[in-house]
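Chain and residue survey
Below, each chain spelled out in residue letters.
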Amino acid sequence: MHPTRTLLFTGPPGVGKTMAARWLARELERPLLVLDLAAVMSSFLGRTGSNLRHVLDYAKSTECVLLLDELDALAKRRDDRGEVGELKRLVTVLLQEVDDWPASGLLVAATNHAELLDPAVWRRFEMSIEFSLPDVPQIERLSLALLAPYFADADTWSKVLAYALKGRSHNDIERDIMQARRAAVTSGSPLPDQLRTLVRANAGLTHAEKVELARILYHSEITSQRVAREITGVARDTIRKPEKKNEPVPSEEVA
Ligand SMILES: Nc1ncnc2c1ncn2[C@@H]1O[C@H](COP(=O)(O)OP(=O)(O)OP(=O)(O)O)[C@@H](O)[C@H]1O
Ligand SMILES: [Mg+2]
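As the structure is a computational prediction, the values presented were derived from the model and not from experiment.

Thoughts on the layout of surface pockets
Put simply, the largest pocket is a space of about 560 Å³. Every element with two or more residues in the lining of the largest pocket is listed here: helix H1 (17–28), strand S4 (106–111), helix H6 (136–147) and helix H8 (170–187). When its residues are assigned to classes, the lining of the largest pocket shows seven nonpolar, nine polar and five charged. Both domains that meet at the lining of the largest pocket, namely domain 1 (6–130) and domain 2 (136–240), each give it at least three residues.

Structural data, given as C-alpha cells:
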C-alpha cells in the first residue's frame, strides 16, 4: 500500500485550507511548494500549459508537498461555455499528473469553488476533505487561543464571542479579534470596550441565540447589566421568566 498521494481541500475562504497544507508539510518535514493557479492563469495564459508542466515535473522530482492553490481557476467544468481550448488542455495536463503522482510526494489542491470542478477532477484525487465554517465551540476555542495570553477574562469573553461571531470564517474571526487588540493598544482604552464594540457589530443572531448570549452576559462580570441588555436587547427578567405555555413561538425560534 502507498500512502495517500493526492488530496483535495474544499471549503469557503479563510477556513484553513492553505494553513492545513502548510501544517502537513511541516509534519512531514518536507518543503512546501505553492503554485497559485489564479495568479499563473492571469499573467501567463498562453504559456500556462508548459509552465505548469515545468512546475509539476520539478515537484515530482523532489520530495515535497506541492500545493495547487485556487484549483478552480484551472479546473473549471470542461463544458463551461466561453472556455477556450487552452483551458481544456491544461485540465488534461493536470488530470494526467494527478493520476501519476509519485508516492514519494504529496499533491494538495485547494479550492473554494468546489461546484465549479469537473467531476473528472474530483474523482482523480485519492482523498477529498471538506473544510467548513467554525461552529460555536470551535469559535470559542479560537477566541480563547487569541485572547488568553493577554487577558484575564478571556474565558468568559470567548463564550460571548462564540455567539457573536457565528457564521464567520476563522480568518475573519482572527482578524476582528486582532483588530480589537490593536485598537485597545493604540487608543489606550480597555480591551473589553473594543470587544463590546465587536459584539455589537455582529448582532445577527436569532432570538434564541440572543437569549443564550444574554444568559452568559448576565451571569458573568464582564459587562454591566445595562451593557448586556444593550448588546442583546434581552432584559434580565426575560431570561429569568419560565416559558409560558400556549404562547405562539416566534418564527425564528422555530427554525
Ligand atoms: N481552522 C483554523 N484555525 C485557526 N486559524 C485559522 C483556521 N483557519 C484559518 N485560520 C486563520 O485564517 C488564516 C487564513 O486561512 P487560510 O489561508 O488557510 O484559508 P483558506 O481556507 O486557504 O482560504 P482561501 O480559500 O481564501 O484561500 C490563517 O492564516 C489563520 O490565521
Ligand atoms: Mg487558501
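Further notes follow.
Re the sheet that holds strand S5 (residues 127–130)
Pairing within the open sheet is parallel, and its five strands lie in the order S2-S3-S4-S1-S5. Either end of the sheet is taken by a strand with one partner, and the two such strands are strand S2 (32–36) and S5. Taken pair by pair, the neighbouring strands of this sheet meet at an average axis angle of 20°, ignoring direction. The pairing of strand S1 (residues 6–10) with S4 spans five bridges and is parallel. Opposite Leu8, over in S4, you have Ala109 as the bridge partner.

Describing the site of ligand 1
In the vicinity of ligand 1, the contacting residues are Pro13, Gly14, Val15, Gly16, Lys17, Thr18, Met19, Asn112, Leu142, His170, Asn171 and Glu174. Contact distances for ligand 1 include 2.6 Å between an oxygen atom and a side-chain N or O atom of Asn112. Here ligand 1, which alone exposes 630 Å², has 71% of that area covered by the protein. Elements with a minimum of two residues in the shell around ligand 1: H1 and H8. Counting residues domain by domain, the shell around ligand 1 receives three or more from each of domain 1 (6–130) and domain 2 (136–240).

What counts, and at which threshold
- Residue positions are counted from 1 within each chain, in the order its sequence is given.
- For naming, the first written chain is A and the first written ligand is 1, with later ones following in the order written.
- Only residues with pLDDT of at least 70 get local features here, since the model is predicted, and only at 80 or more are side-chain atom pairs given and counted; chain-wide, interface and lining totals rely on the full set of residues.
- Here the side-chain values reflect all heavy atoms present in the structure, with hydrogen atoms and water set aside.
- Here a cavity is any set of points on a 1 Å grid over the protein atoms alone where a 1.4 Å probe fits but cannot get out, and a pocket is any open set with protein on both sides within 12 Å along at least 5 of 7 lines; a residue lines the site when it has an atom within 4 Å of a point.
- Grid points are joined across faces, edges and corners, and a volume is the space filled by probe spheres set on the points.
- Going along the chain from the N terminus, every DSSP run of H or I of four or more residues is numbered as a helix, and every run of E of two or more is numbered as a strand.
- Ten residues, namely Ala, Val, Leu, Ile, Met, Phe, Trp, Tyr, Cys and Pro, are considered nonpolar, four, namely Asp, Glu, Lys and Arg, are considered charged, and the remaining ones, Gly among them, are considered polar.
- Note that the domain bounds reflect an automated or database-derived domain assignment.
- Strands were regarded as paired on the criterion that DSSP finds at least two bridges between them.
- Here, axes are lines fitted to C-alpha atoms. For helices the fit covers the stretch in contact, and angles between N-to-C directions go from 0 to 180 degrees.
- Here a residue is considered near a molecule or strand provided that any single heavy atom belonging to it is located within 4 Å of it.
- Polar contact is the term for a pair of N or O atoms within 3.5 Å; when the atoms are in protein, one must be able to donate a hydrogen and the other to accept it, and sequence-neighboring residues count only if both atoms are side-chain atoms.
- Accessibility throughout is a Shrake-Rupley quantity obtained with a 1.4 Å probe, and a residue counts as covered only by protein chains that appear here.

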